[in-house]
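Given next are the chains, with one letter for each unit.
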There are 2 protein chains.
Amino acid sequence: MKEDAGRQRVIIEGVEPEIDCGRFPIKRTIGETVVVEADLFTDGHDSISALLLYKREKDSGWTEVPMTPLVNDRWRAELRITELGLWLYTVTGWVDHFKTWRKDFRKRVDAGQDVAVDLLIGAELIRGASARALAAGRKGDARVLDGLASDLADSKDPRARIRLALDDELAQLMDRFPDRGFASVYPRELAVKADRERARFSAWYEMFPRSCGTGGRHGTFRDCEERLPYIAGMGFDVLYLPPIHPIGQTFRKGKNNKVTAEPGDVGSPWAIGAEEGGHKAIHPDLGTLDDFRRFLARAKEHGIELALDIAYQCAPDHPYVREHPEWFKRRPDGTIQYAENPPKKYQDIYPFDFESDAWRGMWEELKSVVDFWIGEGVRIFRVDNPHTKPFPFWEWMIGEVHREHPDVIFLAEAFTRPKIMYRLAKLGFTQSYNYFPWRNTRWELTEYLTELTQTEVQEYCRPNLWPNTPDILTEPLQIGGRPMFVQRFILAATLGASYGIYGPAYELMEHLPRERGSEEYLDSEKYQLREWDLGRSDSLRELISLVNRVRQDNPALQTNATLRFHATDNDKLICYSKTAEEAGGGNIVVVVVNLDPNYVQSGWVDLRLDELGLDREQSFQVHDLLTGARYLWHGSRNFVQLDPRAVPAHIFRIRRRVRSERDFDYFM
Amino acid sequence: MKEDAGRQRVIIEGVEPEIDCGRFPIKRTIGETVVVEADLFTDGHDSISALLLYKREKDSGWTEVPMTPLVNDRWRAELRITELGLWLYTVTGWVDHFKTWRKDFRKRVDAGQDVAVDLLIGAELIRGASARALAAGRKGDARVLDGLASDLADSKDPRARIRLALDDELAQLMDRFPDRGFASVYPRELAVKADRERARFSAWYEMFPRSCGTGGRHGTFRDCEERLPYIAGMGFDVLYLPPIHPIGQTFRKGKNNKVTAEPGDVGSPWAIGAEEGGHKAIHPDLGTLDDFRRFLARAKEHGIELALDIAYQCAPDHPYVREHPEWFKRRPDGTIQYAENPPKKYQDIYPFDFESDAWRGMWEELKSVVDFWIGEGVRIFRVDNPHTKPFPFWEWMIGEVHREHPDVIFLAEAFTRPKIMYRLAKLGFTQSYNYFPWRNTRWELTEYLTELTQTEVQEYCRPNLWPNTPDILTEPLQIGGRPMFVQRFILAATLGASYGIYGPAYELMEHLPRERGSEEYLDSEKYQLREWDLGRSDSLRELISLVNRVRQDNPALQTNATLRFHATDNDKLICYSKTAEEAGGGNIVVVVVNLDPNYVQSGWVDLRLDELGLDREQSFQVHDLLTGARYLWHGSRNFVQLDPRAVPAHIFRIRRRVRSERDFDYFM
């Protein structure tokens with residue numbers, strides 16, 4: 001046992017947040033805070049003091065924040081994230097003899113006891129602080145403390161001595177030079193991964209660039225440039241492109257995933273690699289690397305960041321197959337093992353063999369793909385099926401990338417079992433796809449979003465809510481018509497600080513499946529070019545623009561941390577709120593959605609006013625940001641009626657009554 | 001990254017039980033099992049295999065138990081504790097290529113696919129197992145596997161090859177020689193502290209030996225010997241004695257805790273130490289060390305173990321004060337700091353200064369006190385106020401003692417805040433006092449006992465339920481009369497596998513407090529001798545004997561793990577059950593207590609039949625072990641009526657209908 005271990009009397013346990021015993025960092029974005037709590041206590045009746053310690057990983061010294069006791073031996077303090085990268089935090093605590101002495105002294109005085117000896121004990125404690133002040137180079141403080149110690153011990157006026165003993169300024173001065181000789185330190189340093197704001201708040205638009213051509217022509221990046229005003233006009237800030245690399249010819253899939261391609265079929269962009277190159281090359285029909293660079297720059301001018309697809313797999317024609325046969329599994333007949341999910345065979349895809357003896361070189365090469373596109377200015381990657389590659393690879397790869405480029409965002413496309421999805425989030429993915437597409441009823445949405453946003457999961461997993469993807473056309477969208485497309489869009493955009501749609505299929509309400517019971521699109525862009533009539537009068541474009549503006553204007557919708565569900569007496573009506581601090585008062589948004597695509601639904605919502613910080617006795621204005629209508633509400637229970645054929649949702653901004661002498665606009 | 005770390009594809013997390021990230025062991029007694037669960041999964045679609053590894057701490061190699069998959073990536077296995085001391089366990093898992101191959105092979109065959117190459121792959125996997133068998137010195141198995149590989153690869157009969165591929169015996173053989181080259185191992189080895197049965201199941205009786213004298217004479221160990229048949233007759237197996245050491249004279253407390261003692265006052269046994277000696281000496285009025293030895297032996301003959309009190313504090317006359325002034329805090333006026341809880345002063349007690357520079361030597365000496373009594377044959381210690389001494393001391397002391405004497409039981413007398421009590425349990429105390437004395441209503445009892453027995457707490461904290469102690473005469477006992485004494489006794493003895501009473505005060509229903517609002521006894525034995533009329537006709541002695549026999553006869557009452565509460569429609573009636581495996585079928589005990597000491601209460605209890613393993617459609621017999629009455633019950637809801645003036649409780653043993661041709665005694 002170390003020299004002082006026996007005298008470290010303060011116990012520190014139950015530190016939160018802490019993921020898997022500190023094995024993984026929690027996540028925050030710049031400007032967010034981390035509220036740290038811990039159980040601290042000691043033996044006997046002594047008082048203790050505690051500090052939250054934090055630093056950026058690279059810093060040598062800790063910043064110290066005093067912790068405040070709550071109830072039941074729980075203490076709390078917080079830190080604010082101000083910079084990208086890794087931050088560390090831990091907790092220290094010690095028996096505070098002066099604090100104990102002061103508390104006891106007050107009781108003795110109140111009981112009218114003789115305190116002569118106690119005053120001498122106090123003076124000793126103050127002299128100890130003086131010595132520590134001196135050692136810390138604070139000569140002035142040391143002198144002051146020495147003077148106070150003498151006054152306490154020797155002053156002629158007994159009442160002045162008692163007054164001095166209990167003096168607040170003395171206590172504050174003593175707090176500055178505590179005796180931390182036997183302090184306990186929590187045995188783990190916990191980490192925060194600090195990302196940029198877009199990791200938390202983003203609106204994604206997925207689009208196949210090859211479908212931007214006109215007249216049946218294969219689209220190019222030049223064509224995509226012309227689509228930018230349309231996308232920016234809807235208010236999206238991330239444009240995600242499926243793989244832009246050369247597509248294999250061998251075993252190329254035909255339209256609607258036919259096993260054999262017809263001449264002219266373009267193949268799946270995820271069958272990566274051909275004679276023209278692999279993961280670092282650009283499909284010749286889309287243009288050149290220079291065209292890509294220009295597109296990236298133009299997008300930036302429109303406030304749009306490009307997100308590329310990282311799909312670690314190869315078409316049989318990929319140069320890797322020739323150059324690195326050791327990265328692929330060979331079958332006894334000498335052929336390379338194609339992808340399978342027996343009895344299904346995917347002969348157009350060779351998976352990497354992550355058990356290869358050459359795994360280190362392969363890992364480096366796979367990382368270099370990401371590095372290559374980072375070099376071209378890309379900072380967002382949507383990662384295809386990460387759950388089919390080993391977890392240690394992702395932890396290493398993302399960790400290495402983030403060490404150099406902490407601003408890179410990785411979105412995990414893992415539609416699989418829950419623990420696997422959460423593990424990927426823990427080990428480094430910035431955002432995660434999730435089960436939102438299949439959560440439709442009020443109960444399902446409430447349970448799932450509560451799990452995502454109100455449990456430990458919210459510390460490490462940032463959900464990105466997609467009502468559709470090129471692989472997912474859910475049954476409700478197939479049969480629910482326009483009201484369902486509107487409803488699911490509003491749910492995604494207001495339940496999720498980050499969300500995305502696959503367009504133009506979404507805004508044009510594309511809803512035909514390849515076959516009954518399938519979630520695949522008929523004539524899916526995954527296997528063929530599509531030309532979209534963006535000007536259609538029934539497009540959801542205007543609604544999307546409006547909702548994205550509302551998201552921009554309301555900080556409440558830019559976080560998931562404050563999501564709360566409120567009761568309604570009609571289970572077709574879901575009601576939830578988000579709140580945020582804002583200059584000039586809090587921002588409160590309450591959303592009510594009619595989940596029934598067919599019928600008008602009405603009922604009473606019962607707001608948890610206390611959690612919204614609203615006064616039960618004051619009326620408040622609810623301002624519908626979709627229609628502009630304003631209503632005066634009072635108390636927790638209020639009536640709502642929503643017609644799916646009109647607008648099936650309210651997005652209310654709550655405006656509190658402001659005391660003002662003017663008789664107009666007195667809610668803010 | 002270590003050579004194979006990148007290829008260790010199985011993730012192991014969420015291992016349970018695990019206390020504070022493995023910082024503390026869980027607890028079991030010999031014969032109990034540990035059910036270990038963990039989340040295990042890998043990337044992709046490969047199958048995995050997993051083992052629970054366990055060993056006694058001293059063993060070099062692990063025992064391996066295959067884990068079984070449950071749902072949602074959860075796996076389970078269990079181990080049985082067969083020996084005292086520390087046990088370790090952890091989990092390993094690996095991608096099982098043969099299992100994957102076999103699963104896929106079946107799908108291919110079912111789909112009618114050509115499996116020629118797959119058979120060759122299977123043969124390769126079998127040859128790998130053959131090589132591992134050979135390396136393990138299993139030549140015979142290796143030969144068999146080689147033969148099977150050849151048959152699979154080369155046999156002329158295609159249907160025989162397929163049959164062989166899916167053969168169960170082949171699978172079992174392959175399971176014996178898996179490829180664990182890239183196996184993952186959970187990063188922590190978790191510990192189980194194995195105690196003897198009495199740590200789990202014990203009935204304590206506390207008694208002041210000095211009150212065993214007659215005619216106002218100070219009792220001796222010889223007098224105590226005569227009390228043994230009385231105690232054993234009631235069915236107690238632990239006899240706990242307050243400190244038996246010399247008692248200080250300086251500042252000795254008088255009767256009823258008066259500040260000054262009268263001549264002849266015996267003082268508090270917790271004011272330890274006088275000229276005659278300290279913690280290793282025996283109070284001369286009780287007898288000699290030889291008398292103590294004889295008493296210990298006599299007690300053993302009666303099936304009773306002695307428990308001594310460990311109170312680490314000194315009377316001013318204690319030899320330590322003279323011999324080791326460095327172990328005590330000195331005040332500026334040169335006096336030694338007595339115990340205080342300002343404004344209260346305890347001048348008869350000097351606490352040890354655990355911040356002393358001489359702490360190591362002091363720790364050793366304090367431990368030597370326990371070692372001394374262990375040397376005399378004592379194996380149970382009730383530790384006084386452990387929460388006023390540092391946690392690291394207890395962890396060290398108990399750890400050191402248990403290393404040599406794993407059969408020692410420490411009961412922590414810490415009546416303080418919950419996290420402190422739980423920490424003491426975690427760091428080594430075998431049993432713990434708790435809030436039972438102050439949990440009286442159905443809601444309070446249900447909430448608290450559920451916390452103690454159905455949460456993680458039950459892994460490390462063994463509650464010992466005391467309805468009274470010399471310091472605790474609760475208000476309900478003061479005012480509730482005999483029904484309350486009976487009720488609280490039955491609750492303690494059936495809710496707790498371990499419980500205790502302070503007698504003869506309890507069985508004689510001593511109920512007068514020193515003053516209104518106090519929980520102290522009037523004329524407390526803590527400060528004076530008492531003579532008890534053990535033969536009083538209203539003594540609870542017979543009831544106590546009966547309940548302790550019921551506890552002995554019913555394994556269900558010897559554990560807390562299976563405690564379940566059942567609904568009643570009258571909140572004055574509490575209903576709970578315990579179950580245990582037993583030769584010839586499960587042992588099920590259902591207890592119903594009327595919590596109202598004044599009035600007859602009746603109502604319906606609603607048993608959770610499924611949890612009791614009872615058939616909803618079959619009637620069953622409930623046999624009241626207190627009265628001998630038998631009732632036939634049917635279904636979950638049954639009527640109960642209890643009169644506090646008669647017996648305010650049922651202790652039912654459930655007897656299931658046994659199919660038998662005889663027409664009598666067909667429930668067992």
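Residues numbered from 1 in each chain as written. Chains lettered and ligands numbered in written order. Predicted model: local features only at pLDDT ≥ 70, side-chain atom pairs only at ≥ 80, totals over all residues. Heavy atoms only, no water.

Another aspect to go through is the overall build of chain A. The number of helices and strands found in chain A is 17 helices and 30 strands. Projected onto its principal axes, the C-alpha coordinates of chain A cover approximately 105 × 70 × 45 Å. A burial count over chain A gives 59% of its 668 residues as buried. Across chain A, every contact between residues at least 6 apart in sequence was considered, and the portion connecting residues at least 24 apart equals 74%. With an accessible surface of roughly 27500 Å², chain A has 48% of that area assigned to carbon and sulfur atoms. Looking at charge distribution, chain A has the averaged site of its 90 positive side-chain charges lying 1 Å from that of its 104 negative ones. (Helix = DSSP H or I, 4+ residues; strand = E, 2+ residues; numbered from the N terminus. Buried < 20%, exposed > 50% of the residue type's maximum accessible area, 1.4 Å probe, protein only. Contact = heavy atoms within 4.5 Å. Areas by Shrake-Rupley, 256 points an atom, 1.4 Å probe, with all protein chains shown as cover. Lys, Arg positive; Asp, Glu negative; His and termini not counted. Charge placed at Lys NZ, Arg CZ, Asp CG, Glu CD.)

The next point concerns the relation of the copies chain B and chain A. The operation relating the two chain copies consists of a rotation about an axis and a shift along that axis. Of the two same-sequence chains, chain B is brought onto chain A (RMSD 0.1 Å, axial shift 0.0 Å) by a rotation of 180°. The superposition of one copy onto the other is thereby described by a two-fold rotation axis. Identified as the residue of chain B closest to the rotation axis by C-alpha distance is Cys21(B), at 2.9 Å. In this assembly, 100% of the residues forming the interface of chain B have copies in chain A that are likewise at the interface, indicating an isologous arrangement. (Least-squares fit on C-alpha atoms with pLDDT ≥ 70 in both.)

Residues and elements named next belong to chain A. Judged by pairing direction, the sheet is antiparallel, and its four strands sit side by side in the order β1-β3-β7-β6 without closing on themselves. Looking at which strands have only one partner, the edges of the open sheet turn out to be β1 (11-16) and β6 (68-69). Across two bridges, the pairing between β6 and strand β7 (residues 74-80) is antiparallel. Its bridge partner being in β7, Thr68 is matched across the sheet by Arg76. (Pairing = 2+ DSSP bridges.)

Each side of the interface is counted separately: chain B has 65 residues, and chain A has 65 residues. Looking only at chain B, the three residues that lose the most surface to chain A are Arg7(B), Glu355(B) and Lys419(B), adding up to 13% of its buried area. Remark: the boundary between chain B and chain A carries 14 salt bridges. In this structure, the connection of chain B to chain A is made through 26 residue pairs in polar contact (both at pLDDT 80 or more). (Buried area = accessible area lost by both parts, 1.4 Å probe. Salt bridge = Lys/Arg side-chain N within 4 Å of Asp/Glu carboxyl O. Polar contact = N/O pair within 3.5 Å; in protein donor to acceptor, adjacent residues only side chain to side chain.)

In this structure the tally under the stated criterion is one disulfide over all chains. Sulfur-sulfur distance for the disulfide between Cys21(A) and Cys21(B) comes to 2.1 Å. Here the disulfide of Cys21(A) and Cys21(B) is left-handed, its torsion about the S-S bond being about -100°. Of the two residues, Cys21(A) sits in the loop between β1 and β2 (26-29) while Cys21(B) sits in the loop between β1 (11-16) and β2 (26-29), which places them in two different chains. (Disulfide = S-S within 2.5 Å.)

The next point concerns helix α16 (residues 541-553) of chain B. Residue and element names in this part refer to chain B. For α16, which comprises 13 residues, the first-to-last C-alpha distance of 18 Å matches the rise-based estimate of 18 Å (1.5 Å per residue) to within 8%. Taken residue by residue, α16 has Leu543, Ile544, Ser545, Val547, Asn548, Val550 and Arg551 as its buried positions. Against β11 (202-206), α6 (221-234), α15 (481-495), β22 (498-502) and β30 (649-656) lie the buried residues of α16. (Expected span 1.5 Å × (residues − 1).)

So, on to the side chain of Asn594(A). All names here are of chain A. Relative to the assigned elements, Asn594 resides in strand β25 (residues 587-594). A distance of 3.0 Å separates the side chain of Asn594 from the backbone oxygen of Tyr599, its partner in a polar contact. Sequence-distant contacts of Asn594, defined by excluding residues within four places in its chain, comprise Gln487, Lys572, Leu573, Tyr599, Val600, Gln601, Leu642, Pro644 and Pro648.

Right, let's get into the packing of aromatic side chains. Taken as a whole, this structure holds 86 aromatic pairs over all chains when the rule is applied. With a centroid separation of 6.1 Å and an interplanar angle of 45°, the aromatic rings of Phe236(B) and Tyr499(B) are classed as tilted. One end of the pair, Phe236(B), is in the loop between α6 and β12 (238-241); the other, Tyr499(B), is in strand β22, and 263 residues separate them in sequence. Exposure class is identical for Phe236(B) and Tyr499(B). Each is buried. Ring geometry for Phe352(B) against Phe354(B): centres 6.5 Å apart, planes inclined by 70°, an arrangement best described as edge-to-face. Neither Phe352(B) nor Phe354(B) differs from the other in exposure class; each is buried. The aromatic ring of Tyr460(A) is capped on one face by Lys426(A), whose charged end is 5.6 Å from the ring centroid. (Phe/Tyr/Trp six-rings, centres within 6.5 Å; stacked < 30°, edge-to-face > 60°. Lys NZ or Arg CZ within 6 Å of the ring centre and 35° of its normal.)

Looking now at the sheet that holds strand β25 (residues 587-594) of chain B. Residue and element names in this part refer to chain B. Read across the sheet, eight strands follow the order β28-β27-β30-β25-β24-β23-β26-β29 without closing on themselves; strand pairing throughout is antiparallel. Across the chains shown, the open sheet's two edge strands, defined by having one partner strand only, are β28 (630-634) and β29 (637-642). Within the sheet, the average angular offset between the axes of one strand and its neighbour, ignoring direction, is 35°. Relative to β30, β25 is paired through five bridges, and the arrangement is antiparallel. Looking across to β30, one finds that Val593 is bridged to Ala649. (Axes fitted to C-alpha atoms, helices over the stretch in contact; angles between N-to-C directions.)

Residues and elements named next belong to chain B. Between its first and last C-alpha atoms helix α7 (residues 289-301) spans 19 Å; for 13 residues at 1.5 Å apiece the expected length is 18 Å, and the two agree. Among all positions of α7, only Asp291, Phe292, Phe295, Leu296 and Ala299 are buried. Within α7, the buried residues cover an arc of 140° as seen down the axis, which keeps them to one side. Exposed side of α7, more than 90 degrees from the buried face: Asp290, Lys300 and Glu301 are the residues found there. Looking at the buried side of α7, the elements it contacts are α6, β12, β13 (305-310) and α9 (359-375). A side-chain oxygen of the first residue of α7 lies 3.3 Å from the backbone nitrogen of Asp290; this N-cap is Thr288. Gly303, located one to two residues past α7, shows a positive phi value of around 75°. (Arc of directions from axis to C-beta.)

A separate point is the pattern of salt bridges. Residues and elements named next belong to chain B. On inspection of all chains with the given rule, the structure shows 113 salt bridges over all chains. A salt bridge links Arg294 to Glu225, with the nearest nitrogen and oxygen atoms 2.9 Å apart. On the criterion of sequence distance, the pair formed by Arg294 in helix α7 and Glu225 in helix α6 is long-range, its members being 69 residues apart. The exposure class of Glu225 is buried, given its relative accessible area of 11%. The closest approach of N and O atoms between Asp309 and Arg382, which form a salt bridge, is 2.8 Å. Here Arg382 lies in strand β18 (residues 380-384) and Asp309 lies in strand β13, a separation of 73 residues in the sequence. Accessibility assignment for this pair places Asp309 and Arg382 in one class, buried.

All right, on to the pairing of strand β30 (residues 649-655) of chain A then. All names here are of chain A. Where burial is concerned, most of β30 is hidden: seven out of the seven residues are buried. What you see with β30 is no split at all: Ala649, Ile651, Arg653 and Arg655 on one side and His650, Phe652 and Ile654 on the other are buried throughout. In this sheet, β30 lies alongside strand β27 (residues 619-624) in antiparallel orientation, the contact comprising four bridges. Pairing of His623 across the sheet is with Arg653, part of β30.

It is worth spelling out the pairing of strand β10 (residues 190-195) of chain B at this point. Residue and element names in this part refer to chain B. With six of six residues buried, β10 lies mostly within the body of the structure. Pairing of β2 with β10 involves four bridges; the strand directions are parallel. Bridge assignment links Thr29 to a residue of β10, and that residue is Asp195. Relative to β10, strand β8 (residues 85-95) runs antiparallel, the two being bridged by five bridges.

Bringing unusual backbone geometry into the picture now. All names here are of chain A. Look at the link from Glu16 to Pro17: it is a cis peptide, with omega at -5°. Here Pro17 shows up in the loop between β1 and β2. For the bond from Pro342 to Pro343, the omega torsion is 5°, close enough to zero to count as cis. Along the chain, Pro343 falls in the loop between β15 (339-341) and β16 (344-346). Phi is positive for Asp523, which is not a glycine, with a value near 55°. Considering the arrangement of structural elements, one finds Asp523 in the loop between β22 (498-502) and α16 (541-553).

Glancing now at the packing of α15(B) against α16(B). All names here are of chain B. Packing of α15 against α16 brings their axes to within 11 Å, and their N-to-C directions diverge by 20°. One way to sum up the angle between α15 and α16 is to call them roughly parallel. Judged by the twist between their axes, the crossing of α15 over α16 is right-handed. Seen from α15, the contacting residues are Val486, Phe489, Ile490 and Ala493; seen from α16, they are Leu543, Ile544, Val547 and Arg551. Counted by class, the contact of α15 with α16 contains seven nonpolar, no polar and one charged residues. (Parallel < 35°, antiparallel > 145°, perpendicular 65-115°, else oblique. Left-handed = near helix turned anticlockwise from the far one by under 90°. Nonpolar A, V, L, I, M, F, W, Y, C, P; charged D, E, K, R; others polar.)

All right, on to the environment of Ile282(A) then. All names here are of chain A. In this structure, Ile282 sits in the loop between β12 (238-241) and α7 (289-301). You can call Ile282 buried: its relative accessible area is 12%. Counting along the chain gives 35 residues from Ile282 to Ile247, while the straight-line C-alpha distance between them is 9.6 Å. Discounting residues that sit within four places of it in the chain, Ile282 has contacts with Phe221, Ile244, His245, Pro246, Gly287, Thr288, Leu289, Phe292 and Trp373.

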